[in-house]
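One-letter residues, chain by chain:
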Amino acid sequence: MSESIVFAPADDGVATVTINEPNTRNALSLSVMNDLIDTFAEVARRTDVRAVVLSTASHVFSSGHHLGEIRGADLETQQEIFDACSRLMQIIQHIPQPVIAQVQGVATAAGCQLVATCDLAVAAASARFATPGVKIGLFCSTPMVALSRAVPAKTAMRMLLTGDFVSAEDALRFGLVSDVVADDELETATLDLARKVASASSATVAIGKAAFYEQRELPVVEAYARMSEVMAHNAVAADAQEGIDAFLTKREPQWRHRE
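Just so it is clear, the structure is predicted and the values come from calculations on it, not from any experiment. (Residues numbered from 1 in each chain as written. Predicted model: local features only at pLDDT ≥ 70, side-chain atom pairs only at ≥ 80, totals over all residues. Heavy atoms only, no water.)

Colleague: Break down a negative patch on the surface for me, with residues and values.
Modeller: On the surface, a cluster of negative charge is made up of Asp74, Glu76, Glu80 and Asp83. Note on placement: Glu80 falls in helix α3 (residues 75-94). You can call Glu80 partly exposed: its relative accessible area is 43%. (Patch = residues over 30% accessible without salt bridge, like charges linked within 9 Å, V, L, I, M, F, W, Y side chains within 5 Å. Areas by Shrake-Rupley, 256 points an atom, 1.4 Å probe, with all protein chains shown as cover. Salt bridge = Lys/Arg side-chain N within 4 Å of Asp/Glu carboxyl O. Lys, Arg positive; Asp, Glu negative; His and termini not counted. Charge placed at Lys NZ, Arg CZ, Asp CG, Glu CD. Helix = DSSP H or I, 4+ residues; strand = E, 2+ residues; numbered from the N terminus. Buried < 20%, exposed > 50% of the residue type's maximum accessible area, 1.4 Å probe, protein only.)

So, in structure tokens, the structure goes:
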């Protein structure tokens, strides 16, 4: 792992992954994206991590792709960059642990995509979001994948076609973020949410996270059929039986988590 990514091991089941590139406004360069992919792959293998906070250094969450890399690059290099971005967004949703974005400042283009991709996102009240690629002749096509799945279609199209900034409160109203808190409470609020998520059975959460992304791409009839199977298998799992017994006998459950 390079110095661009800082990994803080689990504390109460919560680990922190920090993009440390303040000089580029935490741009998602090819090397940063590849390092993030490697980091999340490692996180997926760790049973001591039950939730992940994704944060960035300095006052900007992320300015998106590193335009200096894109300027003048040949087609093969451009494809490599955007393929890496797609792999990064997919691994965030494929790992068993929920990933919570901690958003300050601005999140633009692929930075906004990163927020839309995370399972949850806590934004500072002063944070702003935009997909302004259209203004420089490079439409935010890959950010559109995550954005259009997080917010209503007309909202996504307005952001994509105008490049206008959206406030934190509007981002909450549209569904781009899950929480908005005072600027000076951002870190504490994000950690509190992560610890709440981490307090549940990580085995159960892993089942639920995978099921959420699977079912939303299916027609309703197929989704119900598939989720019935998922829930039946979940119900016979050790932590489900432990949780049900604990509830019925009025005691705290003792989770086995992902062993």
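Colleague: Kindly report on the pairing of strand β2 (residues 14-19), identifying the contributing residues and their values.
Modeller: A large share of β2 lies buried, amounting to five of its six residues. Here strand β1 (residues 5-11) folds back onto β2 in antiparallel fashion, the turn holding two residues, of which Asp12 has a positive phi close to 55 degrees. Pairing of β2 with strand β3 (residues 51-56), which is carried by six bridges, proceeds in the parallel orientation. Residue pairing in the sheet places Val14 in a bridge with Ala51 of β3. (Pairing = 2+ DSSP bridges.)

Colleague: Give me the lowdown on the sheet that holds strand β8 (residues 166-167), citing residues and values where you can.
Modeller: Within a sheet, adjacent strands bond to each other through the backbone by hydrogen bonds, running parallel or antiparallel. Strands sit in the order β5-β7-β8 across an open sheet of three strands; the sheet is mixed. Where the open sheet ends on each side, the last strands, each with one partner, are β5 (106-108) and β8. Pairing between strand β7 (residues 128-130) and β8: two bridges, direction antiparallel. Counted as the bridge partner of Arg128 is Ser167 from β8. Docked against the sheet, helix α4 (residues 110-117) engages β5 and β7, running at close to 100 degrees with respect to β5. (Contact = heavy atoms within 4.5 Å. Axes fitted to C-alpha atoms, helices over the stretch in contact; angles between N-to-C directions.)

Colleague: So, the pattern of salt bridges: which residues are in play, and what are the values?
Modeller: A complete count under the given rule lists 13 salt bridges for this structure. A salt bridge links Arg251 to Asp245, with the nearest nitrogen and oxygen atoms 2.8 Å apart. For Asp245, a relative accessible area of 37% puts it in the partly exposed group. Several salt bridges converge on common partners, so that one network encompasses Asp11, Asp12 and Arg195.

Colleague: Lay out the packing of helix α1 (residues 30-45) against α3 with the relevant residues and their values.
Modeller: At a minimum axis distance of 9 Å, the contact between α1 and α3 shows a crossing angle of 25 degrees. Here α1 lies roughly parallel to α3, going by the angle between them. In terms of crossing hand, the pair formed by α1 and α3 is left-handed. Where α1 approaches α3, its residues Leu30, Met33, Asn34, Leu36, Ile37, Phe40 and Ala41 are matched on the opposing element by Glu80, Ile81, Ala84, Cys85, Arg87, Leu88, Ile91 and Ile92. (Parallel < 35°, antiparallel > 145°, perpendicular 65-115°, else oblique. Left-handed = near helix turned anticlockwise from the far one by under 90°.)

Colleague: If you had to explain the nonpolar core to someone new, which residues and values would you point to?
Modeller: Residues Leu28, Leu36, Phe40, Leu88, Val103, Leu114 and Phe129 are the most contacted members of the largest nonpolar core, which totals 52 residues. When residues no more than four places from it in sequence are discounted, the contact partners of Leu114 are Ile19, Leu28, Leu54, Phe61, Leu88, Met89 and Ile92. In terms of nonpolar packing, the next biggest core, distinct from the first, is built from 12 residues, Val14, Ala51, Val122 and Ala194 among them. (Core = buried A, V, L, I, M, F, W, Y, C linked by side-chain atoms within 4.5 Å.)

Colleague: Any chance you could break down unusual backbone geometry for me, citing the residues and the numbers?
Modeller: Backbone geometry places Asp12, a non-glycine residue, at a positive phi of 55 degrees. Take Asp12: it is sitting in the loop between β1 and β2. Using a relative accessible area of 52% as the deciding quantity, one classes Asp12 as exposed. Although it is not a glycine, Ser58 adopts a positive phi angle of roughly 75 degrees. By the element assignment, Ser58 lies in the loop between β3 and α2 (67-70). Residue classification places Ser58 among the partly exposed positions, given a relative accessible area of 44%.

Colleague: Quick rundown of the sheet that holds strand β9 (residues 179-181)? Include the residues and the values.
Modeller: Ordered in space as β1-β2-β3-β4-β6-β9, the six strands form an open sheet in which the pairing is mixed. What marks the edges here is a single partner per strand, and that holds for β1 and β9. Across the sheet, the axes of successive neighbouring strands diverge by a mean angle of 20 degrees, strand direction being ignored. Taken together, the three bridges between β3 and strand β4 (residues 99-103) define a ladder with parallel strand orientation. Residue pairing in the sheet places Leu54 in a bridge with Ala101 of β4. Against the sheet, α1 engages β1, β2, β3 and β4, with an angle of about 15 degrees to β1.

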